[in-house]
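# Report on the structure
Below, each chain spelled out in residue letters.
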Amino acid sequence: MTTSMKRKRTRNKKNEKGVIVVLENASLETIKIDNRNELLNFDSHKKILAKKGEDISKARPDIVHLSLLALLDSPLNKSGKLRIYIHTQKNILIEVNPTIRLPRTFKRFAGLMVSLLNKRSIYVSESEEVLLRIINNPVTQYFPPKSKVYHCSYKSEKLVDLTDFIPIVQKNPTVYVIGAMPHGSLNIDWADETISVSEYSLSTQATCARLCFAYEKFFGIV
């Protein structure tokens, strides 16, 4: 076991009956520029990506940043009812401590992600509480028994009103998989069902916010 896995980590037992969100296909990758690691992103490394013939639209770590802010700032998370995982395009799985105070600016967020990808964990030095850590795949091993996994996709033919949907499915632990990319579809074979939570195409962060708000109403969180 690595040193980062040995460090202390807080667990809120209330979230065992709450909701799990997986941000899937996230763009979190480092690139070396002038002997310095940077977080690969569309704005700063467009020319480099173009020279390599890579799809520059996929380098969007800002989507992860905005989505995490929406999730972590929500009353649902602050009540201890939310767990968050990030699965990247490079098959790296990250566990997010719900108590983390995420940087508000993208520049500081990028620096934090570079440190995480290099060190494999971010923790509070005084208490050794782990705030972010890279863990072993697959993410399904961290789901409670009898969990039901729902892939959120605008392309799904099953449009649900979350107000009606949640009371039915919350009889089991629920997991929602949301694509952390600007466009395209996810190819996952571990979801029980694919649903659409709006008749409109929503951004990742808007989907996260919509989901959190619906669950706050269900749990009576004000």
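How each quantity is defined
- Residues numbered from 1 in each chain as written.
- Predicted model: local features only at pLDDT ≥ 70, side-chain atom pairs only at ≥ 80, totals over all residues.
- Heavy atoms only, no water.
- UniProt positions renumbered as here; feature names shortened; annotations may be inferred.
- Pairing = 2+ DSSP bridges.
- Helix = DSSP H or I, 4+ residues; strand = E, 2+ residues; numbered from the N terminus.
- Axes fitted to C-alpha atoms, helices over the stretch in contact; angles between N-to-C directions.
- Phe/Tyr/Trp six-rings, centres within 6.5 Å; stacked < 30°, edge-to-face > 60°.
- Buried < 20%, exposed > 50% of the residue type's maximum accessible area, 1.4 Å probe, protein only.
- 1 Å grid on protein atoms, 1.4 Å probe; cavity = no way out; pocket = protein on both sides within 12 Å on 5 of 7 lines; lining within 4 Å.
- Points joined across faces, edges and corners; volume = space filled by probe spheres on them.
- Nonpolar A, V, L, I, M, F, W, Y, C, P; charged D, E, K, R; others polar.
- Salt bridge = Lys/Arg side-chain N within 4 Å of Asp/Glu carboxyl O.
- Contact = heavy atoms within 4.5 Å.
- Expected span 1.5 Å × (residues − 1).
- Core = buried A, V, L, I, M, F, W, Y, C linked by side-chain atoms within 4.5 Å.

Named according to an unreviewed UniProt entry, the chain is Nep1/mra1 originating from Anaeramoeba flamelloides. Among the UniProt annotations of the chain, the heading Sequence similarities (unreviewed entry) holds the following wording: "Belongs to the class IV-like SAM-binding methyltransferase superfamily. RNA methyltransferase NEP1 family." In its Subcellular location (unreviewed entry) section, UniProt records this for the chain: "Nucleus, Nucleolus".

## A word on the sheet that holds strand β5 (residues 93–96)
Strands pair in a sheet through their backbones, by hydrogen bonds, and they do so in one of two ways: parallel or antiparallel. Pairing is mixed in the open sheet, where eight strands are placed in the order β6-β7-β5-β4-β1-β9-β8-β10. The outermost strands of the open sheet, each flanked by one partner alone, are β6 (121–124) and β10 (193–195). Averaged over all neighbouring strand pairs, the angle between strand axes comes to 20°, with direction disregarded. In the sheet, strand β1 (residues 19–26) pairs with strand β4 (residues 82–88) via seven bridges, with the strands oriented parallel. Note on β4: the bridge partner recorded for Glu24 is His87.

## Describing the packing of aromatic side chains
Across all of its chains, the model carries nine aromatic pairs by this definition. On the numbers, 6.3 Å between centres and 80° between planes, the contact of Tyr215 with Phe218 is edge-to-face. In this pair, Tyr215 and Phe218 are both assigned in helix α7 (residues 204–219), three residues apart and thus about one turn of the helix distant. By relative accessible area, which is 35% here, Phe218 ends up partly exposed. Between Tyr215 and Phe219, the aromatic rings sit 5.9 Å apart at their centres with planes inclined by 35°, giving tilted as the arrangement. With Tyr215 and Phe219 both in helix α7 and four residues apart, this pair spans about one turn of that helix.

## Here's the deal with the layout of surface pockets
Of the volumes computed, that of the largest pocket is approximately 470 Å³. Along its surface, the largest pocket is lined by 25 residues, and Ser153, Tyr154, Gly184, Ser201 and Leu202 are the ones closest to its centre. Broken down by secondary-structure element, the contributors of at least two residues to the lining of the largest pocket are β8 (148–152), β9 (174–179) and α7. Counted by class, the lining of the largest pocket contains ten nonpolar, 13 polar and two charged residues.

## A few points about the pattern of salt bridges
If the charged atoms of two oppositely charged side chains come close together, the side chains can form a pair. By the definition in use, this model includes six salt bridges. The partner of Asp73 in a salt bridge is Arg104, with the nearest N and O atoms 2.5 Å apart. Placement of Asp73 in the loop between α3 (61–72) and α4 (75–78) and of Arg104 in the loop between β5 and α5 (106–119) is noted, with a sequence separation of 31 residues between them. Looking at Arg104, the relative accessible area reads 53%, which means it is exposed. The residue Arg133 makes a salt bridge to Glu95 at a minimum N-O spacing of 2.7 Å. Residue Arg133 is found in strand β7 (residues 129–135), and its partner Glu95 is found in strand β5; the two are separated by 38 residues along the sequence.

## A look at the pairing of β6
One ladder, built from four bridges, connects β6 with β7; its direction is antiparallel. Within β7, the residue paired with Ser121 across the bridge is Arg133. Between the end of β6 and the start of β7, which pair antiparallel, lie four residues, with Glu128 showing a positive phi angle near 60°.

## Observations concerning the environment of Ala70
By the element assignment, Ala70 lies in helix α3. Between the C-alpha atom of Ala70 and that of Val177, which follows or precedes it by 107 residues, the distance is 15 Å. With near-sequence residues (within four places) excluded, Ala70 lies in contact with Gln205 and Cys208.

## Remarks on α7
Spanning 16 residues, α7 covers 23 Å between terminal C-alpha atoms, matching the ideal 22 Å at 1.5 Å per step. All of the buried residues in α7 are Thr204, Thr207, Cys208, Leu211, Cys212, Ala214, Tyr215 and Glu216. One or two residues past the end of α7 sits Gly220, with phi positive at roughly 75°.

## Remarks on the nonpolar core
Core analysis: the biggest nonpolar cluster contains 48 residues, and Leu23, Leu68, Ile86, Leu132 and Tyr176 have the highest contact counts within it. With seven residues, α5 is the single largest residue contributor to this core. Among residues more than four places away in sequence, those in contact with Leu68 are Leu23, Asp73, Ile84, Ile86, Val96, Leu102 and Phe109. Grouped together as the second largest cluster of nonpolar side chains are 13 residues, Val139, Val149, Val175 and Ile188 included.

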